[in-house]
Amino acid sequence: MIISVLALGDAFDTGLSAVLDTFSTANDLAATSSPGAPFEVRLCGVRRNLTTHQGFRITTEKATARVRPDVVVVPALGAKTPEALQVALVRPDVIEAGALLRRWSEKGTLVASACTSTFVVAASGLLDGRRATTTWWLAPLFRQRFPRVTLEDSEMVVASPGVVTAGAALAHLDLALYIVRQRSPALAAAVARYLTADVERSQGTFAIPDQMSHEDPIVESFERWARRHLVDRFSLQMAARSVGASARTLDRRMRDVLGKSPLSYVQDLRVERAVHLLRTSRASVDEVANRVGYADGVSLRNLLRRKIGRGLRELRGRPAAP
């Protein structure tokens with residue numbers, strides 16, 4: 001399998017390295033059981049020389065439409081804010097990369113991206129009418145720019161016909177493991193163990209609801225109101241009155257900007273707070289439930305399992321987040 005890793009200027013160093021190291025590890029482990037490397041990896045670019053986000057200068061193989069890989073992986077750009085990312089998306093090299101991705105895709109190449117590079121692929125039109133994920137804190141911007149894409153930003157990896165996308169930053173590892181898995185599930189499992197990678201992660205575990213970048217005044221007002229009334233019984237009508245909008249308008253704006261209902265957002269806040277308490281205190285499950293607006297621990301257990309796919313034992317067994 002020929003894999004082109006298409007690096008762009010200002011590439012996110014960790015993402016680029018994670019992709020290359022995962023395939024290198026897969027080849028090394030495969031060599032212990034059979035001759036020949038399953039992956040022929042080529043580091044390429046629309047420019048021969050480029051500088052990464054951390055200032056490292058690298059030389060790549062010139063990518064052309066004539067040499068078509070089986071898979072192309074686009075590591076993230078170093079831009080971390082909506083403003084910086086939107087500037088990067090109109091750079092000549094990024095636009096050229098999008099055109100190249102379209103030509104390769106038309107000939108059958110699987111296009112894979114993670115974190116901010118999902119914006120590069122979406123800008124090329126390859127995600128229109130398809131499911132995708134992206135870095136969780138830029139999900140509102142993604143929805144705004146690419147309304148024809150079905151965004152599932154709580155997922156770590158989302159595969160659609162001809163494309164596969166992954167979530168934030170270290171999801172590059174999940175993306176590379178997904179590609180290895182298509183060739184050999186057993187090899188992917190071995191690589192994951194070797195790298196001590198959790199292969200069943202969800203972005204919902206890591207997302208911080210009020211750190212999702214957007215500039216909608218109604219949504220911002222609702223976020224502030226929701227945090228002040230976290231332990232109260234949720235009322236859509238009361239929430240709407242507090243932000244000066246109708247219940248219908250509030251619901252529509254939340255879905256358009258954050259991709260979820262007001263109640264679902266409140267539940268996310270409760271999960272965020274509950275996870276923090278479970279990891280950093282000795283409070284009982286019922287006590288934690290009361291502190292986040294639930295009458296008993298059963299409701300909280302069900303919410304945690306539904307929202308982040310983890311139980312209390314898993315959460316309490318993990319160290320507190322830094």
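Look up: the structure comes first, before these words.
It should be emphasised that the depicted structure is a prediction, and the values quoted were computed from it without experimental measurement.

Here is what the cut-offs are and how they apply
Residues numbered from 1 in each chain as written. Predicted model: local features only at pLDDT ≥ 70, side-chain atom pairs only at ≥ 80, totals over all residues. Heavy atoms only, no water. Helix = DSSP H or I, 4+ residues; strand = E, 2+ residues; numbered from the N terminus. Buried < 20%, exposed > 50% of the residue type's maximum accessible area, 1.4 Å probe, protein only. Contact = heavy atoms within 4.5 Å. Areas by Shrake-Rupley, 256 points an atom, 1.4 Å probe, with all protein chains shown as cover. Lys, Arg positive; Asp, Glu negative; His and termini not counted. Charge placed at Lys NZ, Arg CZ, Asp CG, Glu CD. Pairing = 2+ DSSP bridges. Axes fitted to C-alpha atoms, helices over the stretch in contact; angles between N-to-C directions. Patch = residues over 30% accessible without salt bridge, like charges linked within 9 Å, V, L, I, M, F, W, Y side chains within 5 Å. Salt bridge = Lys/Arg side-chain N within 4 Å of Asp/Glu carboxyl O. Core = buried A, V, L, I, M, F, W, Y, C linked by side-chain atoms within 4.5 Å. 1 Å grid on protein atoms, 1.4 Å probe; cavity = no way out; pocket = protein on both sides within 12 Å on 5 of 7 lines; lining within 4 Å. Points joined across faces, edges and corners; volume = space filled by probe spheres on them. Nonpolar A, V, L, I, M, F, W, Y, C, P; charged D, E, K, R; others polar. Expected span 1.5 Å × (residues − 1). Phe/Tyr/Trp six-rings, centres within 6.5 Å; stacked < 30°, edge-to-face > 60°. Lys NZ or Arg CZ within 6 Å of the ring centre and 35° of its normal.

Quick word on the overall build of the protein
Part 1 of the argument: Each helix and strand counted, the protein has 14 helices and 11 strands in total.
Part 2 of the argument: C-alpha extents for the protein along the principal axes are approximately 60 × 45 × 35 Å.
Part 3 of the argument: Relative to its full complement of 322 residues, the protein shows a buried share of 49%.
Part 4 of the argument: Pairs at least 24 residues apart make up 67% of the contacts formed inside the protein by residues separated by at least 6 positions.
Part 5 of the argument: Here the protein has roughly 15400 Å² of accessible surface; of this, 50% comes from carbon and sulfur atoms.
Part 6 of the argument: The average position of the 44 basic charges and that of the 32 acidic charges among the side chains of the protein differ by 2 Å.

Remarks on the sheet that holds strand 5 (residues 61-62)
Part 1 of the argument: Overall, mixed pairing links the seven strands, which are arranged 5-2-1-6-7-11-10 in an open sheet. Edge positions in the open sheet fall to strand 5 and strand 10 (157-160), since each of these has one partner strand only.
Part 2 of the argument: Pairing between strand 2 (residues 40-45) and strand 5: two bridges, direction parallel. Its bridge partner being in strand 5, Gly-45 is matched across the sheet by Lys-62.
Part 3 of the argument: Relative to strand 1 (residues 2-6), helix 3 (residues 92-106) is tilted by about 165°, and along the sheet it contacts strand 1, strand 2, strand 6 (71-74) and strand 7 (110-114).
Part 4 of the argument: The sheet contacts of helix 6 (residues 171-183) involve strand 1, strand 6, strand 7, strand 10 and strand 11 (163-166), and relative to strand 7 the element is tilted by about 160°.

Quick word on the pairing of strand 2
Part 1 of the argument: Looking at chain direction, strand 1 and strand 2 are connected through five bridges and run parallel. Across the sheet, the residue bridging to Ser-4 is Arg-42, located in strand 2.

Re a positive patch on the surface
Part 1 of the argument: Where like charges cluster on the molecular surface, the positive patch consists of Arg-68, Arg-102, Arg-103 and Lys-107.
Part 2 of the argument: Tracing the sequence through the fold places Arg-102 in helix 3.

Examining unusual backbone geometry
Part 1 of the argument: A positive phi angle is found at Cys-115, which is not glycine, with a value near 55°.
Part 2 of the argument: Phi is positive for Ala-169, which is not a glycine, with a value near 40°.
Part 3 of the argument: Judged by its relative accessible area of 22%, Ala-169 is partly exposed.

Observations concerning the nonpolar core
Part 1 of the argument: Leu-6, Leu-8, Leu-85, Leu-101, Phe-119, Leu-127 and Phe-142 are the most contacted members of the largest nonpolar core, which totals 34 residues.
Part 2 of the argument: Sorting the residues of this core by element identifies strand 6, helix 2 (82-88), helix 3, helix 4 (117-123) and helix 5 (139-145) as the ones contributing at least two each.
Part 3 of the argument: Residue contacts for Phe-119: discarding those within four places in its chain leaves Leu-85, Leu-89, Thr-134, Leu-138, Leu-141, Phe-142 and Phe-146.
Part 4 of the argument: Of all hydrophobic cores here, the second largest spans 28 residues; its members include Ala-7, Leu-16, Leu-50 and Leu-175.

Brief notes about empty space enclosed by the protein
With a probe scaled to a water molecule rolled over the atoms, the places where space remains empty come into view.
Part 1 of the argument: Following the criterion strictly, the structure yields one cavity of 30 Å³ or more and no others.
Part 2 of the argument: What the largest cavity holds in volume is close to 50 Å³.
Part 3 of the argument: Looking at the lining of the largest cavity, the elements with two or more residues in it are strand 2 and strand 5.
Part 4 of the argument: Class assignment for the residues of the lining of the largest cavity results in four nonpolar, two polar and three charged.

Here's the deal with helix 6
Part 1 of the argument: Counted at 1.5 Å a residue, the expected span for helix 6 with its 13 residues is 18 Å, and the 19 Å between its end C-alpha atoms agrees.
Part 2 of the argument: Within helix 6, burial applies to Ala-171, His-172, Asp-174, Leu-175, Ala-176, Leu-177, Ile-179 and Val-180.

Quick look at the side chain of Ser-4
Part 1 of the argument: Looking at where Ser-4 falls in the secondary structure, it is placed in strand 1.
Part 2 of the argument: Note on Ser-4: relative accessible area 5%, which makes it buried.
Part 3 of the argument: With near-sequence residues (within four places) excluded, Ser-4 lies in contact with Arg-42, Cys-44, Pro-69, Val-71, Val-72, Val-73 and Trp-104.

With respect to the pattern of salt bridges
Part 1 of the argument: Summed over all chains, the structure comprises 10 salt bridges.
Part 2 of the argument: For the salt bridge of Arg-148 with Asp-128, the shortest nitrogen-to-oxygen distance reads 3.6 Å. Taken together, the positions of Arg-148 in the loop between helix 5 and strand 9 (150-151) and Asp-128 in the loop between helix 4 and strand 8 (131-132) put the pair 20 residues apart, joining distant regions of the chain.
Part 3 of the argument: Residues Arg-131 and Glu-152 are paired through a salt bridge, measuring 2.9 Å at the closest nitrogen-oxygen approach. Residue Arg-131 is found in strand 8, and its partner Glu-152 is found in the loop between strand 9 and strand 10; the two are separated by 21 residues along the sequence.

Quick word on helix 1 (residues 13-31)
Part 1 of the argument: In this model, helix 1 (19 residues) spans 27 Å end to end at C-alpha, consistent with the 27 Å of a helix rising 1.5 Å per residue.
Part 2 of the argument: If you check which residues of helix 1 are buried, you get Asp-13, Gly-15, Leu-16, Ala-18, Val-19, Thr-22, Phe-23, Thr-25, Ala-26, Asn-27 and Ala-30.
Part 3 of the argument: Where helix 1 is buried, its residues contact strand 1, strand 2, strand 4 (57-59), strand 6, helix 6 and helix 7 (185-194).

Concerning the packing of aromatic side chains
Part 1 of the argument: Applying the stated criterion to the full structure yields nine aromatic pairs.
Part 2 of the argument: Look at Phe-119 and Phe-142: their rings are 5.1 Å apart centre to centre, the planes differ by 80°, and that puts the pair in the edge-to-face class. Of this pair, Phe-119 sits in helix 4 while Phe-142 sits in helix 5; the two residues are 23 residues apart in sequence, bridging distant segments of the chain.
Part 3 of the argument: With a relative accessible area of 0%, Phe-119 lands in the buried category.
Part 4 of the argument: Between the aromatic rings of Trp-225 and Phe-234, the centroid separation amounts to 6.3 Å while the plane-to-plane angle is 70°, which identifies the pairing as edge-to-face.
Part 5 of the argument: By the ring-pair criterion, three or more aromatic residues cluster together here, those being Phe-222, Trp-225, Phe-234 and Tyr-265.
Part 6 of the argument: In this structure, Arg-270 packs its charged tip against the face of Tyr-294, placed 5.0 Å from the ring centre.

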